[in-house]
Amino acid sequence: MSLAAYCIICCRRIGASTPPPQSTTYWRDIRNIIKFTGSLILGGSLFLTYEVLALKKSLTLDTQVVEREKMKSYIYLHTVSLDKRENYDTFSTIDVEDHECAVWLLLRKSQSGDRTARLQAVQEMSETHHWHDYQYRIIAQACDLRTLIGLARSKESDLRFFLPPPPLPSLNEDTCIEEELRQLLASLPQTELDECIQYFTSLALSESSQSLAAQKGGLWCFGGNGLPYAESFGEVPSATVEMFCLEALVKHSEIPTHCDEIEANGGLQLLQRLYQLHKDCPKIQRNIMRIIGNMALNEHLHSTIVHSGWVSILAEAMKSPRIMEASHAARTLANLDRETMREKYQDGVYVLHPQYRTSQPIKADVLFIHGLMGAAFKTWRQQDNEQLLTEKILEDDARYTTCWPKTWLARDCPALRIISVEYDTSLSDWRTRCPMERKSIAFRSDELLRKLRAAGVGDRPVIWVSHSMGGLLVKKMLLEASKKPEMSTVINNTRGIIFYSVPHHGSHLAEYSVNIRYLLFPSLEVKELSKDSPALKTLQDDFLEFAKDKNFQVLNFVETLPTYIGSMIKLHVVPVESADLGIGDLIPVDVDHLNICKPKKKDAFLYQRTLQFICETLAKDLED
């Protein structure tokens, strides 16, 4: 306002004054213009300065608040290893806000010298879902190894408890991941190895994937749903170099000293890179999980496995809807968890229930043993039907399950520990995974018995559930356990056995294979199923007398329909007379050999009769 008034007054003075000489007027006008312009510039500058200062004042933040927020996002710890951190009292002088005390108190409690207090702290953490992101990060960065593994094995844990794996070292420009795998495999000891380990190692170190496939294949290849059959002439199986290397590493990881070499040569990071690259290949991921699970059997490697970032990967896999992926992760985490687990789960032994830590007391074990060409999961799936196969629906308890012992039995009998085992078998020597492998029923039963005892089988009441050749393994395991004092608890705690179409007196499949032996080259397992097999007859006679003496409860199911092997061969694999053990009920079911252990639905007779037998046989044990 003052600036405008001043300009008006100057203009009036100029207009009202007597016209001076022309030169004087010219210089006066210039001075007036300079005064006017200067005043305008000065006033504008002062105005802009005032506005800038006012704006700056309004935008100024409290630096103390900012610093407090920074401290919530980043926690700086002393460089003490996770497994040694419990020996330090790191929270004695901490200064935190009132609403954050619960986080730090739980952390302190999780590192208590009292095991019960530690377990309670982990449970409380896992059940907390209202924290902010930075509070989960506090736990992730400050907790010790035991707490981290406990959170990974807690069903309700938020995945924000787990930091992402550390950055992986970059690959050399002149090498690829296949070459890195080969180098890792070549760095492992090559002497004093099992013949099959030598075979897999040499196969993986071959020059090309084509030569690998040629060595692996033969004139005939067999495949199919459960029982293999001749598919084509001259066709070789497709396999990648990674798969052959991983198969070899699985075998090497069963040797403790080789696990040390794998870790020392960067195997944990390399396997993690491969796992991330093959997210669309479950078979590769499962083999990687098998290697990590085998390494976790060695307690001195636990700290390295955790620091390499595997716990966060395993925690995420545990929550997968795919039962096989979750079960492989559960096995590895159980081997890492020495806080609540005494058992160790070796390769091929999978806990289907409970896979997480639980407050539910486990009162008995139910063991599932598959048969020839079976597997720990696919053998025990729900029976397939065309509608489900065409719709390709996801895992849904109400409609379909890929493993009914985990989905149905665990829900109906939560006090059971349910274990499924896996071992390699072959119908023909053409398709054996290792040409030097000639494993008899006696050899396999001894191997499985040792693994199951390490998993704590025999410490509580047991029911065995078997399909086909798996029943022969169960019989042989129990007979062998009766001869070994250290295995006496397995016998004393065996309550009952369920046999699904077990060829106690031989199988037509063996007879058929032997008749065309020059084409199929039947494997040792198949030869032992022949009706005239002395080993099979001795096993039957010895076990029948033994089972009667021990008063085992027995339930036998048998198929009544023939099984299609390929498109041309139809065979009644186990006839009724062969499935009759000589004790226990014998129940014929109108299904074929593959589906005798696959109920159509939860209320089907097969499942309900199985459930009834388990509940009745374990009634006293489950009540205690």
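Quick caveat: nothing in here was measured; it's all calculated off a predicted structure.

**Q** Please explain the overall build of the protein chain as it appears in this structure.
**A** Assigned secondary structure in the protein chain consists of 29 helices and 11 strands. Among the 624 residues that make up the protein chain, the fraction classed as buried is 49%. In the protein chain, 74% of the contacts between residues at least 6 apart in sequence involve partners at least 24 apart. Carbon and sulfur atoms form 55% of the exposed surface of the protein chain, whose accessible area is close to 31,300 Å².

**Q** Even after reading the chapter, I still don't get helix α13 (residues 267–277), so can you show me in this structure?
**A** One full turn of an α-helix is made of 3.6 residues, so residues set three or four places apart face in the same direction. The element α13 is largely enclosed, with a buried count of 8 among its 11 residues. Taken together, the buried positions of α13 are occupied by G267, L268, L270, L271, Q272, R273, L274 and Y275.

**Q** Even after reading the chapter, I still don't get the environment of L618, so can you show me in this structure?
**A** Within the fold, L618 resides in the loop between α28 (605–617) and α29 (619–623). Under the relative-accessibility criterion, L618 is labelled buried at 0%. In the structure, L618 is positioned 253 residues away from D365 in sequence and 9.8 Å away in space, judged by C-alpha atoms. Apart from residues lying up to four places away in sequence, L618 is in contact with A364, L416, P461, I463 and R495.

**Q** Any chance you could explain the sheet that holds strand β11 (residues 585–589) here in plain terms?
**A** Within a sheet, adjacent strands bond to each other through the backbone by hydrogen bonds, running parallel or antiparallel. Strands sit in the order β3-β5-β4-β6-β7-β8-β11 across an open sheet of 7 strands; the sheet is mixed. Whereas interior strands pair on both sides, the edge strands pair on one side only; in this sheet they are β3 (349–353) and β11. Strand after strand, the sheet turns through a mean of 20 degrees between neighbouring axes, direction not considered. Relative to strand β5 (residues 416–421), strand β4 (residues 364–369) is paired through 6 bridges, and the arrangement is parallel. Bridge assignment links I369 to a residue of β5, and that residue is V421. Those strands touched by helix α20 (residues 441–454) are β3, β4, β5 and β6 (462–467), and its axis lies near 150 degrees from that of β5.

**Q** For this particular structure, what's the right way to read the packing of aromatic side chains?
**A** We describe a pair of aromatic rings using the distance from one ring centre to the other and the angle between the two ring planes. Inspection of the entire model under this criterion finds 15 aromatic pairs. Between Y275 and W310, the ring centres sit 5.7 Å apart and the planes meet at 75 degrees, which makes this aromatic pair edge-to-face. You can see Y275 sitting in helix α13 and its partner W310 sitting in helix α16 (residues 310–318), a full 35 residues away along the chain. Of the two residues, Y275 and W310, both sit in the buried class. Following the ring pairs from residue to residue traces out a cluster consisting of F368, W380, W404, W408, Y500, F557 and Y607.

**Q** I keep staring at the packing of α13 against α16 and nothing clicks. Help me out?
**A** To describe two helices that pack against each other, one gives the angle between their axes and the distance between the axes. At their nearest, the axes of α13 and α16 sit 11 Å apart, and the two run at 35 degrees to each other. You can see that α13 and α16 cross each other, and the crossing is left-handed. Together, L268, L271, Q272 and Y275 of α13 and W310, I313 and A317 of α16 make up the contact between the two elements. Each residue belonging to the contact of α13 with α16 can be placed in one class, and the counts come to 6 nonpolar, 1 polar and no charged.

**Q** Help me out: how do you make sense of the pattern of salt bridges in this one?
**A** Any two side chains of opposite charge can pair, on the condition that their charged atoms come close. The tally for this structure, following the rule as stated, stands at 21 salt bridges. Across the pair K537 and D541 runs a salt bridge whose closest N-O atoms are separated by 3.1 Å. You can see K537 and its partner D541 sitting in helix α26 (residues 534–550), 4 residues apart, about one turn around the helix. Of the residues examined, D541 reaches a relative accessible area of 40% and is grouped as partly exposed.

**Q** How should the side chain of N493 be read in this particular structure?
**A** Along the chain, the position of N493 falls in the loop between α22 (488–492) and β7 (494–500). At 2.5 Å, the side chain of N493 forms a polar contact with the backbone oxygen of G458. Setting aside anything within four residues of it in sequence, one finds N493 in contact with G458, D459, R460, P461 and V462.

**Q** Please clarify how unusual backbone geometry should be interpreted in this entry.
**A** What is expected of a backbone is that most residues other than glycine have negative phi and most peptide bonds are trans. Cis geometry marks the peptide bond from H353 to P354, where omega comes out at -10 degrees. Within the secondary structure layout, P354 lies in the loop between β3 and β4.

**Q** How should the packing of helix α14 (residues 282–295) against helix α17 (residues 323–336) be read in this particular structure?
**A** Interhelical geometry of α14 versus α17 gives an angle of 15 degrees and a closest axis separation of 8 Å. Considering the angle they form, α14 stands roughly parallel to α17. The hand of the α14/α17 crossing is left-handed. Here α14 contributes R286, M289, R290, I292, G293 and N294 to the contact with α17, which in turn contributes M324, H328, A329, R331, T332 and N335.

**Q** Sorry if this is basic, but what is going on with the confidence of the model for the protein chain here?
**A** Keep in mind that low pLDDT regions are not for reading the predicted coordinates in detail. Chain-level pLDDT for the protein chain is 81 on average; 75% of the residues reach the 70-or-more range. Ignoring residues within four places in sequence, the model shows residues 207–239, a span with pLDDT below 50, making 71 contacts including any to other chains. Note on residues 427–431: pLDDT is under 50 here. Beyond four places in sequence and across chains, it has 29 contacts.

**Q** I keep staring at the nonpolar core and nothing clicks. Help me out?
**A** The tendency in soluble globular proteins is for nonpolar side chains to be buried side by side. One finds I139, L249, I288, M295, I305 and W310 to be the most contacted residues of the largest nonpolar core, which totals 67 residues. Among the domains, domain 1 (103–161) and domain 2 (171–214 + 237–341) are the pair contributing at least three residues each to this core. What M295 contacts, discounting residues up to four positions off in sequence, is C259, I262, E263, L268, L301 and I305. L473, V474, F543 and A547 belong to the second largest nonpolar core, which has 43 residues in total.

**Q** Just to check I follow, could you spell out the environment of S308 for this structure?
**A** Relative to the helices and strands, S308 resides in the loop between α15 (302–307) and α16. Residues S308 and L268, spaced 40 residues apart in sequence, show a C-alpha to C-alpha distance of 6.9 Å. In this view, S308 contacts P165, P166, L268, Q269 and Q272; residues no more than four positions away in its chain are not counted.

Cut-offs and rules
Residues numbered from 1 in each chain as written. Predicted model: local features only at pLDDT ≥ 70, side-chain atom pairs only at ≥ 80, totals over all residues. Heavy atoms only, no water. Helix = DSSP H or I, 4+ residues; strand = E, 2+ residues; numbered from the N terminus. Buried < 20%, exposed > 50% of the residue type's maximum accessible area, 1.4 Å probe, protein only. Contact = heavy atoms within 4.5 Å. Areas by Shrake-Rupley, 256 points an atom, 1.4 Å probe, with all protein chains shown as cover. Pairing = 2+ DSSP bridges. Axes fitted to C-alpha atoms, helices over the stretch in contact; angles between N-to-C directions. Phe/Tyr/Trp six-rings, centres within 6.5 Å; stacked < 30°, edge-to-face > 60°. Left-handed = near helix turned anticlockwise from the far one by under 90°. Nonpolar A, V, L, I, M, F, W, Y, C, P; charged D, E, K, R; others polar. Salt bridge = Lys/Arg side-chain N within 4 Å of Asp/Glu carboxyl O. Polar contact = N/O pair within 3.5 Å; in protein donor to acceptor, adjacent residues only side chain to side chain. Parallel < 35°, antiparallel > 145°, perpendicular 65-115°, else oblique. pLDDT = per-residue confidence, 0-100. Core = buried A, V, L, I, M, F, W, Y, C linked by side-chain atoms within 4.5 Å. Domains from an automatic or database assignment.

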